[in-house]
Amino acid sequence: MLKSVWLYACTVAHIKNPGDYFVFELADNSIIIVRGRDNEVRAFWNSCRHRGAKICLEQRGRAPRLMCPYHQWTYGLDGQLLAARSMAEDFDKADHGLSPVALENVGGLIFICLNDNPPPIDRVKADIVDQIAMYDLEKLKVVVQDNYVEDANWKLVMENNRECYHCDVGHPELISVLGTTGFGKDAPADDYLEGKRAEWQSLGIDRDLIEFPDGWWHRVARLALANGAVTQSIDGKLACQKLIGPFTQPETSSLSVWTQPNSWHHFCCDHVVTFSLTPIGPDKTMLRTSWLVHEDAVEGVDYDPDNLAALWRKTNQQDGHFSAINHRGIANDGYVQGPYALEEKLVDDFKAFYVSRAKAALAQVQS
Amino acid sequence: MLKSVWLYACTVAHIKNPGDYFVFELADNSIIIVRGRDNEVRAFWNSCRHRGAKICLEQRGRAPRLMCPYHQWTYGLDGQLLAARSMAEDFDKADHGLSPVALENVGGLIFICLNDNPPPIDRVKADIVDQIAMYDLEKLKVVVQDNYVEDANWKLVMENNRECYHCDVGHPELISVLGTTGFGKDAPADDYLEGKRAEWQSLGIDRDLIEFPDGWWHRVARLALANGAVTQSIDGKLACQKLIGPFTQPETSSLSVWTQPNSWHHFCCDHVVTFSLTPIGPDKTMLRTSWLVHEDAVEGVDYDPDNLAALWRKTNQQDGHFSAINHRGIANDGYVQGPYALEEKLVDDFKAFYVSRAKAALAQVQS
Amino acid sequence: MLKSVWLYACTVAHIKNPGDYFVFELADNSIIIVRGRDNEVRAFWNSCRHRGAKICLEQRGRAPRLMCPYHQWTYGLDGQLLAARSMAEDFDKADHGLSPVALENVGGLIFICLNDNPPPIDRVKADIVDQIAMYDLEKLKVVVQDNYVEDANWKLVMENNRECYHCDVGHPELISVLGTTGFGKDAPADDYLEGKRAEWQSLGIDRDLIEFPDGWWHRVARLALANGAVTQSIDGKLACQKLIGPFTQPETSSLSVWTQPNSWHHFCCDHVVTFSLTPIGPDKTMLRTSWLVHEDAVEGVDYDPDNLAALWRKTNQQDGHFSAINHRGIANDGYVQGPYALEEKLVDDFKAFYVSRAKAALAQVQS
């Protein structure tokens, strides 16, 4: 299923300069996402066209060219084969460039698809770009990246992400900043929200809620933060003094983007945090979380990395525990599927997406 | 096969008070065995009826109610659902209690069966209760529990338990206490046993040997200990000064119970030791050994835990080694099944039980 | 496939004296190779004929008899069952000797075959004996043995061994001693080689190159060493002062033997190094490297073990890295098989051997 849908991989800020690469891994698959000398971002299979060796061994790096460490076949940043020693006379380098992988740049969020016939992405792209363009991801930099392996099946970690029924008890730190706004319960009073929307209009950041349009796979919502918080930090205070996007003053809201089946993102006035989720195996899942700040922000002056990451790092660990006990519980022969709570509607949406795409992928295989 | 037979799980002493629970695990399955406020012992699947999360995370514990740590669905000790937030109006708590698992209390030994139609247990129960009731397990407490993972398939560990052909060389410590009585070789002289039986009659502890009655799965035998030993301890001396059951004086015999396919137990005049064996995977097996003494015995005064456990801890390690080399040896393509020695009759009995139940389970699946 | 071909296991020097045994392991299979009191070398399945336990638990050892540690069934070094306690009256020891495995001694290199109908080996034997007999392996001793687990499929490690296209960059230490002689590139000048061959003739060590004769699976070549090296050591200098075989003076060449599908060997004037490669699992491979010197050589006087092993130990580690990245790269769904370089002809030969034997093994299974 995961090989026939668009998957979020990283942001343009992860590969800020020509030659910067980011390796995205999905179970045994490894894909190089690299920025070319022409500033274009491209994706290639991380496998040499000679004997298939892995080319980029680090998860992130920078290189003037992509050289296979086994026999030194050397490729340009655009995937063209530049050099290969001792080949037969009829060998044509033009036939042996790196194999490309479909890639879309969605307002700075990089999505890839491992299938040669990727499904449509146009409406997702239009809707998300409209909402996040103002944050200008090209002007940000990645200052913290956590790679956290969860002891649970990827699907369960996704389901955990799609509901906040567990938040009140499970995420006290997060709830003190987020409230439960947007999750259908204890919503802020209407008049407060009216005031906020007026403020958002004056700032030019007011947009309609987008909630998994029929047949599509994205949700975008501006959330009013709680308890006076101006960002998603452990104390609700600015985590970076240098503001981003259109903001010149701290702003008590954040914009969130969720995509099926593997990502979510929060855009605050001082930083952006993005999450990608990929299976390592049936009972191991990689959650990669990246924190981005303004490219001119200075560590130790404008931001402290540990403080910046503290809220979601804590939340990730709590979710890792929940997903792990969920995984172990449903492994029982005696497990019976139960009913969702009112606050778990988005879990059902995720499940519907998963089932429909899995059926489609299966039909494609069988035909 | 293991899911359609009765399996020994623990004793009533493992869950001595209301709210005490014991988690029995069989490969991916996890079952909560819990004592209710009404003192009844019940078994439930360790999986919340909401999203299936594991409820009891510790192997043993005590709780006033069983609360799922994920979304706080809360169950009584009798499995009834007491609380669940934010459910739809038509949600009925009465339909969502914990799923029960069949359980039988056999004179204080708790057996469970994962199948909804458990096989008969009545004769096993009658026979075992008749012999062990005098030890009154409700009056004992568990003071040592070892969880030992063996690098061997569960079936091989069972076969190892069913013969003492390996004991003379393999278990010098055990043999010095047990002799080889009851294993068909070097049995004590008849007149010595006659004298012992007269003594047992006067104590009211004499019973007939029960040896896997046709179609059943239990064996019970009183063993005359060797070399003057009064209990199964490393030096043959009392391991707990407070005697149990009907005993007011040290007694040079012990009562042993074996059940197919996963347990054995030894009842001495000063303590009881029980063993349960469950597969973790095809090449990993959990041997759980528990040592029980009188509930009024005082650690450091009446008994020393390490001394109490020393004999069988040593024996378990030796058996773990034997099972592991057996496992590795039969993995060879060149392995050929060989003949049993005269002293290995009970291995054959175990194999016959296993094959008949496996065939029955297979037939049930196929019908 | 590997169970129907001849596999290199060890040398006669690994089991120098009667009672010496060497345990060869292939995935779950374990074979005892043992020298008898009659000096014959035999192979047996490492599984007791009683309950199948593993008999020899150490990888190498010496024993007057082979006794199963489980129930002490005892076998002679020729595999005959000598003792078994408590068996039924009709038990015949003659029927329960250790199960033999096919074995051939090829000039001191021991090959075994796990199939009861091994393929022909006569030409391989004649050709290799003709070339290596002069090194008289019975007069050598094993002084270093490395067991190195590679994170790669066995087939990839073999392919890596069959080409030196990766050597120039990947093995600087090896190349400084070997040059690239024999690998088709930068070969020594013809007149130099002419001079060498004249010298080899005078020493009686000149033989024709044997290069995987049609339908066979061996290659033998004398290589002129480079840069004045007289052996395959890290500095090209003698690694053992006591010369072997016909040599009375250091000699700037070495003889190499490669066999499909699991070995290679280098015979120098002062030592021999042999390699066997066996799968542990689909992504783990055991490379066993042994270094042999004259039986009269004295450690610390004639040779230093670490210096003796340094060159190939370093080379093995480099190859382990290459094989691991090759393994990970071809695991990609996007992996495409590429063309071989001119210097990779022997990889193709290996692949052809593998495919033909795999097809034959499959046909045998299906018939």
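Residues numbered from 1 in each chain as written. Chains lettered and ligands numbered in written order. Predicted model: local features only at pLDDT ≥ 70, side-chain atom pairs only at ≥ 80, totals over all residues. Heavy atoms only, no water.

What about the side chain of S290 of chain C?
All names here are of chain C. Take S290: it is sitting in strand β17 (residues 284-294). Since its relative accessible area comes to 2%, S290 is described here as buried. Only 2.8 Å separates the side chain of S290 from the side chain of H14, close enough to count as a polar contact. Setting aside its immediate chain neighbours within four residues, S290 contacts H14, V142, V144, Q145, V272, V273 and T274. (Helix = DSSP H or I, 4+ residues; strand = E, 2+ residues; numbered from the N terminus. Buried < 20%, exposed > 50% of the residue type's maximum accessible area, 1.4 Å probe, protein only. Polar contact = N/O pair within 3.5 Å; in protein donor to acceptor, adjacent residues only side chain to side chain. Contact = heavy atoms within 4.5 Å.)

Some details on the state of the cysteines
According to the stated counting rule, one finds three disulfides over all chains in the structure shown. Covalent S-S linkage joins C164 of chain B and C167 of chain B, the inter-sulfur distance amounting to 1.8 Å. Looking down the S-S bond of the C164 of chain B and C167 of chain B bridge, the torsion is -90 degrees, so its handedness is left-handed. The pair formed by C164 of chain B and C167 of chain B is uniform in burial state, with each residue classed as buried. As a non-bridged cysteine, C240 of chain A has C269 of chain A as the owner of its nearest cysteine sulfur, 9.8 Å distant. By relative accessible area, which is 0% here, C240 of chain A ends up buried. (Disulfide = S-S within 2.5 Å.)

With respect to the interface of chain C and chain B
Taken residue by residue, the interface counts 27 residues in chain C and 30 residues in chain B. Both faces combined, the contact of chain C with chain B buries some 2400 Å², and carbon together with sulfur accounts for 50% of it. Counting every contact that joins chain C to chain B gives three salt bridges. K3 of chain C serves as the salt-bridge partner of D333 of chain B, at 2.9 Å between the closest nitrogen and oxygen. On inspection of chain C and its partner chain B, the count reaches 17 residue pairs in polar contact (both at pLDDT 80 or more). Among the residues making up the side of chain C that touches chain B, the classes are represented as ten nonpolar, eleven polar and six charged. (Buried area = accessible area lost by both parts, 1.4 Å probe. Salt bridge = Lys/Arg side-chain N within 4 Å of Asp/Glu carboxyl O. Nonpolar A, V, L, I, M, F, W, Y, C, P; charged D, E, K, R; others polar.)

Some thoughts on the packing of aromatic side chains
On inspection of all chains with the given rule, the structure shows 33 aromatic pairs over all chains. Ring centres of F350 of chain B and Y354 of chain B lie 6.5 Å apart, and the angle between their planes is 40 degrees; on these two criteria the pair is classed as tilted. Separated by four residues within a single helix, F350 of chain B and Y354 of chain B lie in helix α7 (residues 345-366), roughly one turn from each other. A residue is classified by how much of its surface remains accessible, and Y354 of chain B, at 24% relative accessible area, is partly exposed. An aromatic cluster of three or more residues is present, and its members are Y8, F111 and W217 of chain A. Lying over the aromatic face of Y354 of chain A, K155 of chain A brings its terminal NZ or CZ to 5.3 Å of the ring centre. Across the ring face of W291 of chain C, the terminal group of R313 of chain C is positioned such that the distance to the ring centre comes to 5.9 Å. (Phe/Tyr/Trp six-rings, centres within 6.5 Å; stacked < 30°, edge-to-face > 60°. Lys NZ or Arg CZ within 6 Å of the ring centre and 35° of its normal.)

A short note on the sheet that holds strand β7 (residues 74-75) of chain A
All names here are of chain A. On the basis of which strands lie adjacent, the open sheet formed by three strands has the order β6-β7-β8 and antiparallel pairing. With one partner strand each, in any of the chains shown, β6 (66-67) and β8 (81-83) form the two edges of the open sheet. Sheet topology note: the β7/β8 ladder contains two bridges and is antiparallel. Looking at β8, one finds that Y75 is bridged to L81. (Pairing = 2+ DSSP bridges.)

Description of the domain arrangement of chain A
Residues and elements named next belong to chain A. Under the domain assignment, chain A is made up of domain 1 (2-119) and domain 2 (131-346). Between the C-alpha centres of domain 1 and domain 2 the distance comes to 29 Å. Between domain 1 and domain 2, the contact holds 25 residues from the first and 26 residues from the second. For the pair domain 1 and domain 2, the number of links is two salt bridges. (Domains from an automatic or database assignment.)

A word on the relation of the copies chain C and chain A
Once turned by 120 degrees and shifted 0.1 Å along the axis, chain C lies on chain A with an RMSD of 0.0 Å. Both copies are brought into coincidence by an operation consistent with a three-fold rotation axis. (Least-squares fit on C-alpha atoms with pLDDT ≥ 70 in both.)

Section: the environment of D92 of chain C
Residues and elements named next belong to chain C. Take D92: it is sitting in the loop between β8 (81-83) and β9 (100-106). On the basis of relative accessible area, D92 is assigned to the partly exposed category, the value being 36%. Placed eleven residues apart in sequence, D92 and L81 show a C-alpha to C-alpha distance of 9.4 Å. There is a polar contact of 2.9 Å between the side chain of D92 and the backbone nitrogen of A94.

Observations concerning α7 of chain B
Residues and elements named next belong to chain B. In this model, α7 (22 residues) spans 32 Å end to end at C-alpha, consistent with the 32 Å of a helix rising 1.5 Å per residue. Among the residues of α7, L346, V347, F350, F353 and A361 are the ones counted as buried. Down the axis of α7, the buried set is contained in an arc of 125 degrees. They therefore lie on one face. What points out from α7, more than 90 degrees from its buried face, is the exposed set K359 and Q366. (Expected span 1.5 Å × (residues − 1). Arc of directions from axis to C-beta.)

Let's talk about the pairing of strand β4 (residues 41-45) of chain B
All names here are of chain B. Here β4 lies mainly inside the structure; four of its five residues are buried. Bridge count between strand β3 (residues 29-35) and β4: five bridges; the pairing is antiparallel. By the bridge assignment, I31 is partnered in β4 with W45. Connecting β3 to the antiparallel partner β4 that follows it, the hairpin turn spans five residues, and N39 within it adopts a positive phi of roughly 75 degrees. Across two bridges, β4 lies against strand β9 (residues 100-106) in antiparallel orientation. Across the sheet, A43 pairs through a bridge with V101, a residue of β9.

Points about the packing of helix α2 (residues 154-161) of chain C against helix α6 (residues 305-330) of chain C
Residues and elements named next belong to chain C. Interaxial distance between α2 and α6 falls to 9 Å at its minimum, and their mutual angle equals 125 degrees. Taken as axis vectors, α2 and α6 run oblique relative to one another. The element α2 and its partner α6 pack so that their crossing is right-handed. Counted together, L156, V157 and N160 of α2 and D319, F322, S323, N326, H327 and I330 of α6 form the full contact between these two elements. Residue composition of the contact of α2 with α6, by class: four nonpolar, four polar and one charged. (Axes fitted to C-alpha atoms, helices over the stretch in contact; angles between N-to-C directions. Parallel < 35°, antiparallel > 145°, perpendicular 65-115°, else oblique. Left-handed = near helix turned anticlockwise from the far one by under 90°.)

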